[in-house]
Protein chains: 4
Amino acid sequence: MSLPPLHDIAHLGYFELLTPEADRSLWFFTQVLGLTEVSREGNSVYLRTWDDYERHTLKLTAHDTSGIRRVGLRAESQAALERRVAAIEASGLGVGWKDGDPGIGATYVFRDPDGHELELYWESEWYEPPSDELRPALKNQAQAYPARGVSVRRLDHVNYLAADVTPNGAFIRDVLGARVTEQIMLDDGTISGQWLHFASKSYDVVYAQDWTGSHGRLHHVAFATDTREDILKAADTCLDRGVFIETGPHKHAIQQTFFLYVYEPGGNRIELCNPVARLLLAPDWRTITWTQAERAKGQAWGLKTIESFHTHGTPPIP
Amino acid sequence: MSLPPLHDIAHLGYFELLTPEADRSLWFFTQVLGLTEVSREGNSVYLRTWDDYERHTLKLTAHDTSGIRRVGLRAESQAALERRVAAIEASGLGVGWKDGDPGIGATYVFRDPDGHELELYWESEWYEPPSDELRPALKNQAQAYPARGVSVRRLDHVNYLAADVTPNGAFIRDVLGARVTEQIMLDDGTISGQWLHFASKSYDVVYAQDWTGSHGRLHHVAFATDTREDILKAADTCLDRGVFIETGPHKHAIQQTFFLYVYEPGGNRIELCNPVARLLLAPDWRTITWTQAERAKGQAWGLKTIESFHTHGTPPIP
Amino acid sequence: MSLPPLHDIAHLGYFELLTPEADRSLWFFTQVLGLTEVSREGNSVYLRTWDDYERHTLKLTAHDTSGIRRVGLRAESQAALERRVAAIEASGLGVGWKDGDPGIGATYVFRDPDGHELELYWESEWYEPPSDELRPALKNQAQAYPARGVSVRRLDHVNYLAADVTPNGAFIRDVLGARVTEQIMLDDGTISGQWLHFASKSYDVVYAQDWTGSHGRLHHVAFATDTREDILKAADTCLDRGVFIETGPHKHAIQQTFFLYVYEPGGNRIELCNPVARLLLAPDWRTITWTQAERAKGQAWGLKTIESFHTHGTPPIP
Amino acid sequence: MSLPPLHDIAHLGYFELLTPEADRSLWFFTQVLGLTEVSREGNSVYLRTWDDYERHTLKLTAHDTSGIRRVGLRAESQAALERRVAAIEASGLGVGWKDGDPGIGATYVFRDPDGHELELYWESEWYEPPSDELRPALKNQAQAYPARGVSVRRLDHVNYLAADVTPNGAFIRDVLGARVTEQIMLDDGTISGQWLHFASKSYDVVYAQDWTGSHGRLHHVAFATDTREDILKAADTCLDRGVFIETGPHKHAIQQTFFLYVYEPGGNRIELCNPVARLLLAPDWRTITWTQAERAKGQAWGLKTIESFHTHGTPPIP
């Protein structure tokens, strides 16, 4: 079977995050980041960013630990879904079909080699604002702009810690159909970080080497804003509301993302990011490889990478 | 008695606005503009912008009409207050002393020649945030950043309609100690608009000719934001929340203010403005006079002045 | 032959623009927009935006009229190129192969039904900065940021006038593989504007009905900036340098693009645009259709569409 | 003699900076910061920011060392000038009258207790743009917006190193008429930094304790931009042009200034700063005192103060 190198995965759809501080995490996502509550179910609250055309962006679940339970990817079509499920099954990492979460059709569950759980689906209900307050003025917009807290626009990417980056990047690249846009290669040849993309965004999934050698941990999940100034205002807002700022705002050399890293009250690291107007348009993009020496220079404008950035991660889901 | 030409009036302090739609106006000022409620008293709600060091910025009062009841000016010192009260009394436009609103000491009431009521005071309690939520992280800030709606920073200026601009501008200039920074002179020599400032802001009070010949009407009150992008986001927010946008965003040639004009639900015109980083530093500033021909070119980038801008005003207070 | 609906065209590559004011147009593109000169050849100057990974973005050619001679599209692969050339030839609108411009491989020339000339190619040299001044500090960037004039980032889209929108939109959609993301339908059923996209940008090619019934005219070419504030600064810059501003800055309801329209000195309309962080991610996007009544409301925040917007166009190339 | 506490000094006017790398420093100020050359005289080049109403902002002088030779302050009036010269002479720190630099009238030279040289003057020619290119479109603007490099707006403040902060702050406060808006007090009671202002800007002159115990050194001179995003773009520009970035962009807790510190090629530290829309309006402002513990937290969002910030300074002028 020959698989197209790209375009079978449309984009990241949603993720499920666990938190031992459910109330305060809910406050963070709704009042600080500005997500909108969609519905509740058991120990979970479904939340959405205003620019998401699908039903929800985040399933926030009360749990005795923090961590990411699962990331959902939307396929480009039913054929793409079937093609990729076959490839996943062939890889031996498939788990199986299940009913989707609310708004989502048949969903195929699988794991990456490091053990992170992912889902793939095609059918998805488009969001219909249930009230005047949520209804946008312009018909090409999913939901009214919330103007509450950071008002993040959309889910941007997930960054996984993995004991060994290479097989995980290869899995996403070859089995799902992605491309490595940038990576870090240490002096001994180890790939210690890899950024992969499915469509015109320059990355959607990242693997970072887990220095503790653990499996299945989360480094962070990122939400995108419209401008870099939004990230600066986000820092002001987090400062005034007592949200822990780990590092930033600053600009990554890799991908040139403008970033702010905070910990939501449950302990999961959240990135607020702005890719400016960057699009990855080149169909023959060549992977950019950063050396250990280049990395030692710090971020784009010289900020040194903070120690906790290499150690703090959220535990795997048992 | 020789009066200093400037510096006796420190800044605009607060204003009282009347509205026949009290609930919806309150929603507008708190949820759309992001002001914070301080207290209630009778038919009035006291509200504040987050960067105001004084107790309140706006007294919003339910009434059977819209309109501005009064603007409060803070004197630079007790001596400055006394000096200016003497000058006002000499002008024959004084009304008299009264107890100030909450947080404000002895207040002298007077009228400009066109009949708008103003107040002058010196004593003023500094705002103390009553809760953790309102307490800022940085001790050089009055209140936590609200991150709610437009989150306007501070009261910027008041723009009065007046049957005859010249005597009103002269009153503010000579009796209160101000300077005309810019003005419009029609071909027949009539001054049809005048911008006056007390300190380093390039204007605080504006008079615009009332084409209807009425007295005591309000053109608009303006709140300042940090950036021009904030004004663009404000337009997005107003659009999604059904707030009537009259004109803008665009840039005035006069004063180079970036503006958006909306009507709050009670019918009063509100400007959201950004003066960028403009400061009026020159001690020997020479009044800029714009001609009728220059005005006919429209705003800075060519937007034509909208018809209602010359007709819509809020009624005088009987 | 079954063609994939999307993804065979990677993006707009470059365009050739004619100008009767060659020196002043060159000044405009280099000093006002901030493009960089790459090379000269005959009556043409090759210019590039700083974020373009290919050799050049614009071929500016001295001519006795203004107008757009040609737009180049880059295919996703050699196979995609061949597939689409076969489809174009089948449509009867092919012109034939030619050698590409500098940096570009074999190029297939064709016309849309309205007569605009386009090119399709696959091979393309990546830009190598020829000097230290042009070399970027970060290896994932094509060229150093010019910080000169508007410093536009990249070519965004082309907007053609066409006597009849429908067959032209259908040609781009069916023969090249595109999707209509938004369109205007008049009360009589006429499609008077259509926005089409090839990849994750929400549009790349636009057709607008030519009220004069002419064929082959250009409405405008658009360059993208990073932020909306960049567009505001562009307006300031154009104002100070005497560049004619036709309308804006304001926000289109359609596509929500923040825009500024100016005429370059040769008479071609140029849009400076910012799509904010908007991406078209949905694989099952449904065309948004705007009605005549919706269009009559003006742009997003209420600006009325300027008359010249419906009449000014640059002539076809004989 | 009783002196008014404020308002006799209108603002910082200009400064003279020495550089051992005259050509590269000139390139930095004109091409990176976007200043405009006004004239040359001997080893000096006069330069101006676009929003300066006076003739020049910076006199850049070739010299065998770096350092600040002198800062010019403009008095509010002739009477204010005379009043303050008398006070300076009474303090014993006066040097004497001299002819002013081009465009400046009679100038009184003096030193602060730490030995930094300052000047005071009243007469000042307003800038007249000598060419169409420099002439602004709007008559309330000093010069056309350059749109070149960072395009800094105006001189913002000077930050002096001093062996002992307290007597220097007291001199500026009492002899010139200023107010301490913020300061740092160490646990042993030492004032290690003091921010003073003359008018509505929240600071104009800063003293920072010189840990080396030297006299007369410069910490930095700062230029203001319109927005924080301008500072981010400045960082991008400096990165691409090889200008050394010492620290930032980030936000100071003190004064809440958004900052970027770079070294111009001659070795002088230059700050690019944005005070957002912050104005110091309160006539009864109370000095904010930051403790040693508060300072240990780093800057506003947590950035630790860089070591060189406490050691790098430019030498005194012999």
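Right above here is the structure, for reference.
Presented here is a report on the structure given in the accompanying data block. As the structure is a computational prediction, the values presented were derived from the model and not from experiment.

## Brief notes about the packing of aromatic side chains
Taken as a whole and judged by the stated rule, the model has 56 aromatic pairs over all chains. For the ring pair Tyr-14 of chain C and Tyr-121 of chain C, a centre distance of 5.4 Å and an interplane angle of 25 degrees mean the geometry is stacked. Taken as a pair, Tyr-14 of chain C in strand S1 (residues 9-19) and Tyr-121 of chain C in strand S8 (residues 117-121) lie far apart in primary sequence, 107 residues in all. Residue Tyr-14 of chain C is classed as buried on the basis of its relative accessible area of 3%. A residue is classified by how much of its surface remains accessible, and Tyr-121 of chain C, at 0% relative accessible area, is buried. On the numbers, 6.0 Å between centres and 55 degrees between planes, the contact of Phe-15 of chain D with Phe-223 of chain D is tilted. With Phe-15 of chain D in strand S1 (residues 9-19) and Phe-223 of chain D in strand S13 (residues 218-224), this residue pair connects regions lying 208 residues apart in the sequence. Residues Phe-15 of chain D and Phe-223 of chain D agree in their burial class; the two are buried. Counting every residue linked through ring pairs, the aromatic cluster contains Phe-15, Phe-28, Phe-29 and Phe-223 of chain A. Against the face of Tyr-127 of chain A rests Arg-48 of chain A, its NZ or CZ located 3.5 Å from the ring centre.

## Observations concerning the relation of the copies chain C and chain A
Structural alignment of chain C on chain A gives an RMSD of 0.0 Å, achieved by rotating through 180 degrees and translating 0.0 Å along the axis. Seen this way, the second copy is the image of the first under a two-fold rotation axis. Distance from the rotation axis, computed per C-alpha, reaches its smallest value in chain C at Ser-200 of chain C: 2.8 Å. When you check the interface residues of chain C against chain A, 100% turn up at the interface there too, and the contact is symmetric in its surfaces.

## Considering the interface of chain C and chain A
Reports of interface size often rely on the accessible area that becomes lost once the parts have come together. The partner chain A presents 42 residues to the 42 residues of chain C that form the contact. For the pair chain C and chain A, the summed buried area comes to about 3800 Å², and 60% of that belongs to carbon and sulfur atoms. Where chain C meets chain A, there are four salt bridges. A salt bridge links Glu-294 of chain C to Lys-139 of chain A, with the shortest nitrogen-to-oxygen separation between them at 2.9 Å. On the surface where chain C and chain A come into contact, there are 19 residue pairs in polar contact (both at pLDDT 80 or more). Contributing elements (two or more residues each) for the side of chain C that touches chain A: S1, strand S5 (67-75) and strand S17 (288-291) of chain C. The element best represented in the side of chain C that touches chain A is S17 of chain C, accounting for three residues. Looking at the side of chain C that touches chain A residue by residue, the classes come out as 19 nonpolar, ten polar and 13 charged.

## Focus: helix H1 (residues 22-32) of chain A
Here H1 of chain A has its buried residues at Ser-25, Leu-26, Phe-28, Phe-29, Thr-30 and Val-32 of chain A. Just downstream of H1 of chain A, Gly-34 of chain A is the residue with a positive phi angle, here 85 degrees.

## Side note on unusual backbone geometry
The linkage connecting Gly-248 of chain A with the following residue, Pro-249 of chain A, adopts the cis geometry, with an omega of 0 degrees. Relative to the helices and strands, Pro-249 of chain A resides in strand S14 (residues 244-251). The phi angle at Gln-255 of chain B is positive, at roughly 65 degrees, despite the residue not being glycine. A relative accessible area of 2% places Gln-255 of chain B in the buried class. Positioned with a positive phi, Ser-151 of chain C is a non-glycine residue whose angle comes to about 50 degrees. Summarising the element assignment, Ser-151 of chain C is placed in the loop between S8 and strand S9 (154-162). Relative accessible area serves as the criterion here: at 6%, Ser-151 of chain C is assigned to the buried category.

## Thoughts on the pattern of salt bridges
Within the structure shown, the criterion is met by 100 salt bridges over all chains. Between Arg-217 of chain A and Asp-210 of chain A there is a salt bridge whose closest N-O contact spans 2.9 Å. Like Arg-217 of chain A, the residue Asp-210 of chain A is buried in the burial classification. Its salt-bridge partner being Arg-154 of chain B, residue Asp-156 of chain B comes within 2.9 Å of it at the nearest N-O pair. Across the pair, exposure class does not vary: Asp-156 of chain B and Arg-154 of chain B are buried alike.

## A short note on the sheet that holds strand S3 (residues 44-48) of chain B
Residue and element names in this part refer to chain B. If you trace the eight strands from one edge of the open sheet to the other, you get S2-S3-S4-S1-S5-S8-S7-S6, paired in mixed fashion. The sheet is open, and its two borders are formed by strand S2 (36-41) and strand S6 (94-98), each paired with just one other strand. Taking the axes of each pair of neighbouring strands and ignoring which way they run, one obtains an average angle of 25 degrees across the sheet. Note that S6 and strand S7 (residues 107-111) share four bridges and pair antiparallel.

About the criteria used
- Residues numbered from 1 in each chain as written.
- Chains lettered and ligands numbered in written order.
- Predicted model: local features only at pLDDT ≥ 70, side-chain atom pairs only at ≥ 80, totals over all residues.
- Heavy atoms only, no water.
- Phe/Tyr/Trp six-rings, centres within 6.5 Å; stacked < 30°, edge-to-face > 60°.
- Helix = DSSP H or I, 4+ residues; strand = E, 2+ residues; numbered from the N terminus.
- Buried < 20%, exposed > 50% of the residue type's maximum accessible area, 1.4 Å probe, protein only.
- Lys NZ or Arg CZ within 6 Å of the ring centre and 35° of its normal.
- Least-squares fit on C-alpha atoms with pLDDT ≥ 70 in both.
- Contact = heavy atoms within 4.5 Å.
- Buried area = accessible area lost by both parts, 1.4 Å probe.
- Salt bridge = Lys/Arg side-chain N within 4 Å of Asp/Glu carboxyl O.
- Polar contact = N/O pair within 3.5 Å; in protein donor to acceptor, adjacent residues only side chain to side chain.
- Nonpolar A, V, L, I, M, F, W, Y, C, P; charged D, E, K, R; others polar.
- Pairing = 2+ DSSP bridges.
- Axes fitted to C-alpha atoms, helices over the stretch in contact; angles between N-to-C directions.

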